[in-house]
Amino acid sequence: MTIIKHELKQGRLSFAVWTGAIAFLLVICVCLFPEIKGEMSDVGDIFSSMGSFTEAFGMDRLNFGTLTGFYAVECGNVLGLGGAFFASLAAVTALSKEEKGRTAEFLLTHPISRNRVITEKLAAVMLQIVAMNVLILALSLGSIVMIGEEIPWKEILLLHLAYFLLQVELAGICFGISAFLRKGSSGIGLGIAAMMYVLNLIANMTDRVEFLKYITPFGYCEGADIVTDGKLNFARIVPGILLAAAGIFAAYVKYGRKDIQ
Amino acid sequence: MDAIRTELLTKYYGKARGIENVSLTVKEGECFGFIGPNGAGKSTTIRTLLGMISLTSGHASIFGMDIQREREKILNRVGYLPSEAVFYDGMRVRDVLKLSADLRKRDCKSAAAGLCQRLQLDPSRKVDELSFGNRKKVAIVCALQHNPDLLILDEPTSGLDPLMQKEFFEVIRERNQEGATVFLSSHILSEIQRNCNRAAIIREGNIIACNSVENLAKTKTRRVSIHGKAELEGMDGVRDLHNFVDGMHFLYSGDVNRLLSVLSQGNIQDISITEPDLEEIFLHYYEKGGASR
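Quick notes on the rules
Residues numbered from 1 in each chain as written. Chains lettered and ligands numbered in written order. Predicted model: local features only at pLDDT ≥ 70, side-chain atom pairs only at ≥ 80, totals over all residues. Heavy atoms only, no water. Helix = DSSP H or I, 4+ residues; strand = E, 2+ residues; numbered from the N terminus. Contact = heavy atoms within 4.5 Å. Buried area = accessible area lost by both parts, 1.4 Å probe. Salt bridge = Lys/Arg side-chain N within 4 Å of Asp/Glu carboxyl O. Polar contact = N/O pair within 3.5 Å; in protein donor to acceptor, adjacent residues only side chain to side chain. Buried < 20%, exposed > 50% of the residue type's maximum accessible area, 1.4 Å probe, protein only. pLDDT = per-residue confidence, 0-100. Lys, Arg positive; Asp, Glu negative; His and termini not counted.

Asks: What am I meant to see in unusual backbone geometry here?
Replies: Apart from glycine, the bulk of residues carry a negative phi angle, and the bulk of peptide bonds sit in the trans form. All names here are of chain B. Not every positive phi belongs to a glycine, and leucine 8 is a case in point at roughly 50 degrees. You can see leucine 8 is positioned in strand β1 (residues 2-13). Although it is not a glycine, glutamine 120 adopts a positive phi angle of roughly 55 degrees. Turning to its location among the elements, glutamine 120 is positioned in the loop between α4 (109-118) and α5 (132-144).

Right, here's the structure in full:
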């Protein structure tokens, strides 16, 4: 527990900034909905007639005039990208920052096993992801109530669950990468998150590369699919969870034997 | 029981040599010096002993426990002072000390307070605002606060002012007298000479001498200082020759009779022949690779 507490303390500023920024943008988006809803007759046609751009963001299958449609696109992008960046960043630096910051010599000359270091650091990353999602969900629900809309529980919870799984998947992959790195890890984490996001946009634009949806976790976070189907696509989630598990396994194997510089 | 025992300990970083066939024995309660310049393999030996890097071949144990299989048990009894003390940004000294104690599952509050007082370290300061020397003090307290049975000190006095160095070695002597084993790695030979009973000299990853400090200093080589003139050109065994206005000094490891004969042919007003200090002996080992003494 000592390392978990230490990691949470060390990461509290980053956690507060990312959680605050995502929650703030989500609340702003929700608060904009009543105005958008009123102007829907004007903007609906515009949103649905932007060609590939419309398809890329799934706006061809969602009704912007409903809270679920609006939330799935606007809030989904904020939570999807923001959450992905935070999870990737927290995970990719978790192990590598000790060598980069030259604190590994302090940490690893205490009577703790490498496995314990890995386990507690992973737990700290996951706890931060859980806490961020709980806080954001609570604020999001609060803001929906505030604008006088009825909460579409099923859709909202499914969307948030999908984004939570996306963050866990990216965290698992980036945690594995972290074990191999000694320097400059944050760029890699942010790059992976951004690349996964773009892969999904490309997969949305053309059917020829639909297989990409099984690679990128944004594939199972597609708001249009979740709202339309009323369920998550487990065929896309399972490969993602396996990737995350592989990342975590790689972290244990690599970091357990790594020569610490 | 031996506090540290290494047998043919070898570490390669890929093809690059770290240490080769290092065999050492440090007895419990001993203060053992480990001498060598930067890059000789001192830190690699220490890092291997502490399990931070894996060994390529050989075997090592601390208090009879294998360094690979019983790393945590070993580290529970070891206090390590790194050559460069780096801590987590934003933490206060007291938080670092508490973190170190918590990682050991010990309550070290009173020991830490006592050490902070002796080393004049303010526990309320932030570590990233501390000077190099004060960060070193934090590392010293981390290494000592849990009363370890073995102290592994890597270049311990770098950054400490002379008064603090004196206080530090006072603390180390006390711990040693209470039974703790001390493994002192340094390139400052006077530190080893003053504080250690035995020492090993490491050169390019190999141990080239291991003996009591007294025996290491016993060498046929002598420091010769003369006032006057003498013709030493072409003479075997003369090294480190320095001429000054009215004389010269040099290290001599050849036949003494031959030296006296040559000097008697010159014009000598004064002469002193002394044992060289450890620093000079160290250079001797380095130049000769330990082949001759």
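Asks: Even after reading the chapter, I still don't get the interface of chain A and chain B, so can you show me in this structure?
Replies: Each partner contributes residues to the interface: chain A has 24 residues there, and chain B has 28 residues. Together, the buried faces of chain A and chain B total about 2,400 Å²; carbon and sulfur atoms form 55% of this surface. If you sort the residues of chain A by the area they bury against chain B, Glu105(A), Phe106(A) and Pro111(A) come out on top, with a joint share of 27%. Applying the counting rule to chain A against chain B returns three salt bridges. Of the charged contacts in the structure, one is a salt bridge between Glu84(B) and Arg102(A), with a shortest N-O distance of 2.9 Å. Taken together, the links from chain A to chain B amount to 13 residue pairs in polar contact (both at pLDDT 80 or more). If you list the elements that add at least two residues to the side of chain A that touches chain B, you get α1 (2-10), α7 (104-107) and α8 (114-146) of chain A.

Asks: Whenever I open this one, the pattern of salt bridges confuses me. Can you help?
Replies: Opposite charge on two side chains permits pairing when their charged atoms draw close. Residues and elements named next belong to chain A. Scanning the model with the defined rule gives 22 salt bridges over all chains in all. Where glutamate 7 meets lysine 121, a salt bridge forms, and the shortest distance between an N and an O atom there is 2.7 Å. Taken together, the residues span a long stretch of sequence, with glutamate 7 in helix α1 and lysine 121 in helix α8 at a distance of 114 residues. Look at glutamate 7 and you get buried, because its relative accessible area is 5%. Here glutamate 210 makes a salt bridge to arginine 236, at a shortest N to O gap of 3.6 Å. One end of the pair, glutamate 210, is in the loop between α10 (186-205) and α11 (223-229); the other, arginine 236, is in helix α12 (residues 234-257), and 26 residues separate them in sequence.

Asks: When you look at the confidence of the model for chain B in this model, what are you seeing that I'm missing?
Replies: Close inspection of predicted coordinates is inappropriate in any region flagged by low pLDDT. For chain B, the average pLDDT comes to 90, and 95% of its residues sit at 70 or higher. Taken over the whole predicted complex, pTM reads 0.85, whereas the ipTM for its chain interfaces reads 0.85.

Asks: Just checking my understanding: could you explain the side chain of Asp154(B) for this structure?
Replies: Residues and elements named next belong to chain B. Residue placement: aspartate 154 occurs in strand β7 (residues 150-154). For the buried residue aspartate 154, which engages in no salt bridge, the nearest side chain bearing the opposite charge is lysine 42, 5.9 Å off. A polar side-chain atom of aspartate 154 sits 2.9 Å from a polar atom in the side chain of serine 43. When sequence neighbours within four positions are dropped, the list of residues in contact with aspartate 154 reads Ser43, Ile46, Tyr80, Leu81, Pro82, Ser83, Lys136 and Ser185.

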